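Next come the chains, spelled out residue by residue.
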Amino acid sequence: SSGINAEWPLRPGMSNVLNLVAPSFIGVSYLTQALEMKKVLGVFGAKFTLPDNFEENEDTFLELLPQLIIQFPLYFTKVESDSVIESAFFSLISMIQLLSQVDQIEQTSKDLSVAIIKDTSPRTALKSKLLGHQFNCYQPSLPSTYTLLLNVLKLIKETGTMRYVNLDINQISEWLEKWKCDVQEQRDIFRLLHEALSAINQGEKAIQALVHLLKLYAENEGVDAKSDAHICVISHIAHPNLFVMDHLLDLHPIRALDGQLSHELLQIFVSGDLNDYIEFYTHNRDFVEKLAVTHEESLCKMRLLTLSSLAQDCTEIEFHQLTDKLNLLLEDVEPFIIEAIASGLIKGKINEPEEKVLISSTINRTFKEAQWNMIKCKLELWSNNLTTIQDALKKGHYAMPIGGG
């Protein structure tokens, strides 16, 4: 039993709206809860329009609840105890469930979320916690949950902490579809998601959110997101574990960068080599030095990418080739190869006596028609081999002796 003694029965269908409710005043009617909160907020200086001779009925509750929500942020400046504020917050959440229409519940929940996000007090960690709990209270199928998520992301961005919500990009994409969000609403979410994930140092997820954002721009809109596109390019270059970037070239905002230095730099990291990068740096030193990635980090990554290209069409590479192509000292070659193998960029092993690296596989920096044709040829070869084996088995050529003799 929840211990709630409501003056009105819960409306049908409320279980489809709320995931959970954490009431604070046990054994007390909802109107009594509302009046007690009104009294507390009145001490804090809140003003209410409720007449002095009001009747204790449902109409009074419905008139009082929106006013309590508007005045709720006074708790952040007037109450020191986080637990007291949480108790008042969950009391409001419990009251909201009494509203008879789903759209009333949604609007009132949005009003509470907006009231908290607009508050300027420094209790950001607590506000982030409350909004996280509020977001988890409601079924994500409700369109109003969009506003709740938007405000949660704003506070994660501001506080740099995330403890009460799970930001799964694929799940959020599904929610946006359920909420029937327009393109601008989707852009707002993914831009904030990128900023929030960046604030909590989840770099790779932040980049994924940014790519989702750029995909929302049509060909004639690409120029509107050039700043986001620039950030996306540099973020990919700066991330130590992202090596394949050719998919970015198909995004309209990235195409809008054509002719700018960031686009030229991206093309080098997509398909160029170390010498291309060094030449770019020589002619554009000031531009590179202002980026959120150092020249040394870019050199390191371009050496790895150049090795991947060298390994694409051969099964072994001699050390002297690497010293020449990658501008390395001989004693630095083995540590570099170990780093390349550890990164997953190539698979292979070092033949130290013969001073060579044996390549078993490497990533494809670009994946175009030639790569698809290669996969097609391999699949056809496997299919033919399986057919040959199947025919041989039917003829008994591969029959195993009973007992393994």
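Basis of the calculations
Residues numbered from 1 in each chain as written. Predicted model: local features only at pLDDT ≥ 70, side-chain atom pairs only at ≥ 80, totals over all residues. Heavy atoms only, no water. Helix = DSSP H or I, 4+ residues; strand = E, 2+ residues; numbered from the N terminus. Buried < 20%, exposed > 50% of the residue type's maximum accessible area, 1.4 Å probe, protein only. Contact = heavy atoms within 4.5 Å. Polar contact = N/O pair within 3.5 Å; in protein donor to acceptor, adjacent residues only side chain to side chain. Salt bridge = Lys/Arg side-chain N within 4 Å of Asp/Glu carboxyl O. Arc of directions from axis to C-beta. Axes fitted to C-alpha atoms, helices over the stretch in contact; angles between N-to-C directions. Parallel < 35°, antiparallel > 145°, perpendicular 65-115°, else oblique. Left-handed = near helix turned anticlockwise from the far one by under 90°. Nonpolar A, V, L, I, M, F, W, Y, C, P; charged D, E, K, R; others polar. Pairing = 2+ DSSP bridges. pLDDT = per-residue confidence, 0-100. Phe/Tyr/Trp six-rings, centres within 6.5 Å; stacked < 30°, edge-to-face > 60°. Lys NZ or Arg CZ within 6 Å of the ring centre and 35° of its normal. Expected span 1.5 Å × (residues − 1).

## Quick look at the overall build of the protein chain
Looking only at helices and strands, the protein chain features 19 helices and three strands. Across the 405 residues that make up the protein chain, the buried fraction comes to 42%. Within the protein chain, contacts between residues at least 6 apart in sequence are counted, and of these 65% link residues at least 24 apart.

## Observations regarding the side chain of Lys356
Tracing the sequence through the fold places Lys356 in strand β3 (residues 356–362). Within the structure, the side chain of Lys356 is placed 3.2 Å from the side chain of Glu354, a separation counted as a polar contact. Lys356 has contacts with Glu316, Ile317, Glu318, Phe319, Lys349, Ile350 and Asn351, leaving out every residue within four places of it along the chain.

## Some words on the side chain of Ser128
With respect to the secondary-structure elements, Ser128 resides in helix α6 (residues 124–137). Setting aside residues up to four positions removed in sequence, Ser128 forms contacts with Leu155, Thr159, Thr161 and Tyr164.

## Quick notes on the pattern of salt bridges
Between side chains of opposite charge, a pair can form as their charged atoms come close. Under the counting rule described, the total for this entry stands at 10 salt bridges. Residues Asp228 and Arg191 are paired through a salt bridge, measuring 2.6 Å at the closest nitrogen-oxygen approach. Here Asp228 is found in helix α11 (residues 226–238), whereas its partner Arg191 is found in helix α9 (residues 183–199), with 37 residues between them in sequence. What makes Asp228 buried here is its relative accessible area of 10%. In this structure, Arg255 engages Asp250 in a salt bridge whose closest nitrogen and oxygen atoms are separated by 3.9 Å. Accessibility expressed as a relative area gives 43% for Arg255, which makes it partly exposed.

## Describing helix α8 (residues 169–178)
Within α8, the full set of buried residues consists of Ile169, Ile172, Trp175 and Leu176. What you see down the axis of α8 is that its buried residues fit within an arc of 115 degrees, all on one side. Exposed side chains of α8 directed beyond 90 degrees from the buried face belong to Asn170, Glu177 and Lys178. Against α6, α7 (145–159), α9 and α10 (203–214) lie the buried residues of α8. If you check the start of α8, you find a side-chain oxygen 3.2 Å away from the backbone N of Asn170, and it comes from Asp168. Lys180 lies just past α8 and shows a positive phi near 55 degrees.

## Observations regarding the packing of helix α13 (residues 261–271) against helix α14 (residues 274–283)
In contact at an axis separation of 9 Å, α13 and α14 are set at 160 degrees when each is read in the N-to-C sense. The angle between α13 and α14 falls in the class roughly antiparallel. Crossing handedness for the pair α13 and α14: left-handed. On α14, the residues that touch Leu261, Glu264, Leu265, Ile268 and Phe269 of α13 are Asp276, Tyr277 and Phe280. When grouped by side-chain class, the residues that make up the contact of α13 with α14 number six nonpolar, no polar and two charged.

## Some remarks on the sheet that holds strand β1 (residues 316–318)
Pairing is antiparallel in the open sheet, where three strands are placed in the order β1-β3-β2. Since the sheet does not close on itself, it has two edges, and those belong to β1 and β2 (346–351), each with one partner. Going from strand to strand, the sheet's axes swing by 25 degrees on average, the running direction of each strand aside. With three bridges connecting them, β1 and β3 associate as antiparallel partners. Residue Glu318 lies in a different strand from β3, and its bridge partner there is Lys356. Of the strands in this sheet, β2 and β3 touch helix α18 (residues 330–343), which is tilted by about 150 degrees from β2.

## Focus on the confidence of the model for the protein chain
Low-pLDDT portions of the prediction should not be read for the details of their coordinates. Averaged over all residues, the pLDDT of the protein chain is 87; the fraction at 70 or higher stands at 88%. Throughout residues 20–25 the model reports pLDDT below 50, and contacts reaching past four residues in sequence, or to other chains, amount to 17 contacts.

## Some remarks on the packing of aromatic side chains
Following the criterion strictly, the structure yields 11 aromatic pairs and no others. Between the aromatic rings of Phe72 and Phe89, the centroid separation amounts to 6.2 Å while the plane-to-plane angle is 50 degrees, which identifies the pairing as tilted. Placement of the pair is Phe72 in the loop between α2 (58–71) and α3 (74–78) and Phe89 in helix α4 (residues 82–96), with a sequence separation of 17 residues. Looking at Phe72, the relative accessible area reads 0%, which means it is buried. On the accessibility criterion, Phe89 (0% relative accessible area) is buried. Ring centres of Phe135 and Trp175 lie 5.5 Å apart, and the angle between their planes is 65 degrees; on these two criteria the pair is classed as edge-to-face. Taken together, the positions of Phe135 in helix α6 and Trp175 in helix α8 put the pair 40 residues apart, joining distant regions of the chain. For Phe135, a relative accessible area of 7% gives the class buried. Taken together, the ring pairs connect Phe44, Phe72, Tyr75, Phe76, Phe89 and Phe90 into an aromatic cluster. Over the face of the ring belonging to Phe243 we find Lys301, whose NZ or CZ atom lies 5.7 Å from the ring centre.

## Remarks on α4
Relative to the 21 Å expected for 15 residues at 1.5 Å per residue, α4 spans 21 Å between its end C-alpha atoms, a close match to the ideal helical length. Burial runs high along α4: 11 of the 15 residues are buried. Of all the residues in α4, the buried ones are Ile85, Glu86, Ala88, Phe89, Phe90, Ser91, Leu92, Ile93, Ser94, Met95 and Ile96. Tucked into the core, α4 has its buried residues touching α1 (30–43), α2, α3, α5 (102–118) and α6.

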